[in-house]
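# Secondary and tertiary structure notes
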Amino acid sequence: MCLIEAGQSGECRVRVNIDGALRTVVYGYPCSIAVDPIEKKPLFHFLPGTGILSVATVGCNLHCTNCQNWEISQANPEDEDIRAYSCSPEKLVALTKQNNCPSLAYTYTDPIVYYEYTSDSAKLAREANIRNVLVTAGYINAEPWKKLLRYVDAANIDLKSISDDFYRRVCSATLKPVQNALVMAKASGILVEVTNLVIPTLNDEPEQIGELARWVKVNLGAETPLHFSGFYPRYKMRNLPPTSLKTLEKARQIAKSEGLDYVYIGNVASKEGQNTYCPGCKKLLIERSGFTIMQNRIRGGGCPDCEREIYGVWK
Ligand code: SF4
């Protein structure tokens with residue numbers, strides 16, 4: 001919790017105490033707008049092969065020492081080298097349509113810190129038949145989370161570790177609120193995928209990976225896709241090597257043996273770790289090369305060979 005003096009900003013740097021009221025200073029002023037493949041979020045079970053308009057403002061409520069986007073997540077809105085575009089929620093929705101994107105992602109930093117902008121844009125997007133996607137660390141209280149989820153169609157939520165100590169040491173946060181947010185998101189009926197960034201020596205022990213996978217299975221369901229993502233030395237964590245493919249493959253194998261249906265590898269090239277296989281008959285369903293869909297055999301939301309339903313939003 002931040003205690004903010006008059007005229008000062010909080011930990012996220014985008015909320016200022018003005019005359020005793022907390023005001024966001026980034027509403028309508030994103031620092032990044034781009035069209036990405038939806039696979040880059042990563043979302044592998046939501047409208048595969050489509051583009052997604054992706055937006056972010058500066059700021060974050062976490063301070064991960066490994067942050068890949070630290071130049072914007074840890075920036076101040078008034079920093080000289082920070083760009084800000086004037087883009088109202090109406091303009092954002094219009095841009096999404098102009099770019100023929102069926103969905104809009106609130107991403108790169110954390111939509112929780114630009115909550116009002118996310119929420120207003122998501123309401124307008126839904127009225128315009130555009131789906132809303134959150135890419136978030138999920139560090140939020142239950143009440144605002146519940147309100148926001150009403151307008152959300154899909155989310156990729158980080159589960160950075162199953163250790164509270166890791167959250168405290170690496171992210172300046174705690175584990176429990178993230179677990180609560182994950183459970184609430186899944187229970188709300190939106191499409192949920194989970195990302196775990198595997199950092200050598202910090203959260204890559206097989207026991208920890210197994211515990212994390214079990215938690216996902218028990219609390220979110222075996223059908224919840226889990227992405228093990230490779231770490232690269234960035235920001236304040238330049239003393240560790242990148243995650244090896246071998247470590248990521250081992251993590252994938254552990255999570256599959258714990259009973260998760262869809263386990264992926266990201267940030268490092270991996271043939272099998274990027275594809276979707278049917279949990280029933282084990283046949284290939286979606287073949288990916290990087291962010292490109294090479295083939296998609298899913299028919300009517302299911303496997304064309306054994307007809308098993310495949311978790312996802314496919315059209
Ligand atoms: S939650 Fe994400 S954006 Fe925020 S500091 Fe951590 S890694 Fe960076």
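Residues numbered from 1 in each chain as written. Predicted model: local features only at pLDDT ≥ 70, side-chain atom pairs only at ≥ 80, totals over all residues.

Attention shifts here to the site of the ligand. Taken together, Cys60, Leu62, His63, Cys64, Cys67, Asn69, Ser73, Thr109, Asp110, Ala137 and Cys171 are the residues near the ligand. Split into classes, the residues belonging to the shell around the ligand amount to 6 nonpolar, 4 polar and 1 charged. (Near = placed C-beta within 6 Å. Nonpolar A, V, L, I, M, F, W, Y, C, P; charged D, E, K, R; others polar.)

This next bit is on the packing of helix H2 (residues 89-98) against helix H3 (residues 115-127). Look at H2 against H3: their axes get within 9 Å of each other, and the N-to-C directions meet at 50°. With respect to their mutual orientation, H2 and H3 come out oblique. For the pair H2 and H3, the sense of crossing is right-handed. Contacts from Pro89, Glu90, Leu92, Val93 and Thr96 in H2 reach Tyr117, Asp120, Ser121, Leu124 and Ala125 in H3. (Axes fitted to C-alpha atoms, helices over the stretch in contact; angles between N-to-C directions. Helix = DSSP H or I, 4+ residues; strand = E, 2+ residues; numbered from the N terminus. Parallel < 35°, antiparallel > 145°, perpendicular 65-115°, else oblique. Left-handed = near helix turned anticlockwise from the far one by under 90°. Contact = placed C-beta atoms within 7 Å.)

The buried fraction of strand E9 (residues 226-230) is high, at 5 of 5 residues. Side chains Leu226, Phe228 and Gly230 of E9 all project onto a buried face; the interleaved residues His227 and Ser229 project onto the opposite face, where all are buried too. Across 5 bridges, strand E8 (residues 191-198) lies against E9 in parallel orientation. Opposite Leu197, over in E9, you have Ser229 as the bridge partner. In this region the chain leaves E8, passes through helix H7 (residues 206-220) and returns to the parallel neighbour E9; the handedness of that crossover is right-handed. As defined by bridge partners, E9 adjoins strand E10 (residues 263-266) across 4 bridges and the pair is classed as parallel. Each bridged residue has a counterpart across the sheet, and for Leu226 the counterpart in E10 is Val263. (Buried ≥ 20, exposed ≤ 12 C-beta atoms within 10 Å, placed from the backbone. Pairing = 2+ DSSP bridges. Right-handed = clockwise from strand over helix to strand, strands pointing away.)

This part is about H2. Taken residue by residue, H2 has Leu92, Val93 and Thr96 as its buried positions. In a view along the axis of H2, the buried residues occupy a sector of 95°, so they form one face of it. Contacts made by the buried residues of H2 are with strand E4 (51-56), strand E5 (103-106) and H3. (Arc of directions from axis to C-beta.)

Let us now look at the pairing of strand E12 (residues 284-289). Where strand E11 (residues 276-277) lies against E12, 2 bridges are found, and the strand directions are antiparallel. Bridged to Thr276 within E12 is Ile286. Hairpin connection, E11 to E12: the antiparallel pair is bridged by 6 residues, and Lys282 has positive phi, about 70°. Relative to strand E13 (residues 292-296), E12 runs antiparallel, the two sharing 4 bridges.

Let us now look at the sheet that holds E12. Overall, antiparallel pairing links the 3 strands, which are arranged E11-E12-E13 in an open sheet. Each of the sheet's edge strands pairs with one partner strand only, and the pair in question is E11 and E13.

It is worth spelling out the nonpolar core at this point. Across soluble globular proteins, nonpolar side chains have a tendency to be buried as a group. Leu104, Val133 and Ala155 are the most contacted members of the largest nonpolar core, which has 86 residues in total. What Val133 contacts, discounting residues up to four positions off in sequence, is Lys41, Leu43, Ile52, Ser103, Leu104, Ala105, Asp153, Ala154 and Ala155. Residues Cys278, Leu285, Ile286 and Cys303 belong to the second largest nonpolar core, which totals 5 residues. (Core = buried A, V, L, I, M, F, W, Y, C linked by C-beta atoms within 7 Å.)

So, about the environment of Trp314. Residue position: Trp314 is located in the segment after E13. With 149 residues separating them in the primary sequence, Trp314 and Asp165 have C-alpha atoms 38 Å apart. Discounting chain neighbours no more than four positions away, the residues touching Trp314 are Ile298 and Gly301.

So, on to the domain arrangement of the chain. Taken domain by domain, the chain consists of domain 1 (27-273) and domain 2 (275-306). Partitioning the side of domain 1 that touches domain 2 into residue classes produces 4 nonpolar, 1 polar and 4 charged. (Domains from an automatic or database assignment.)

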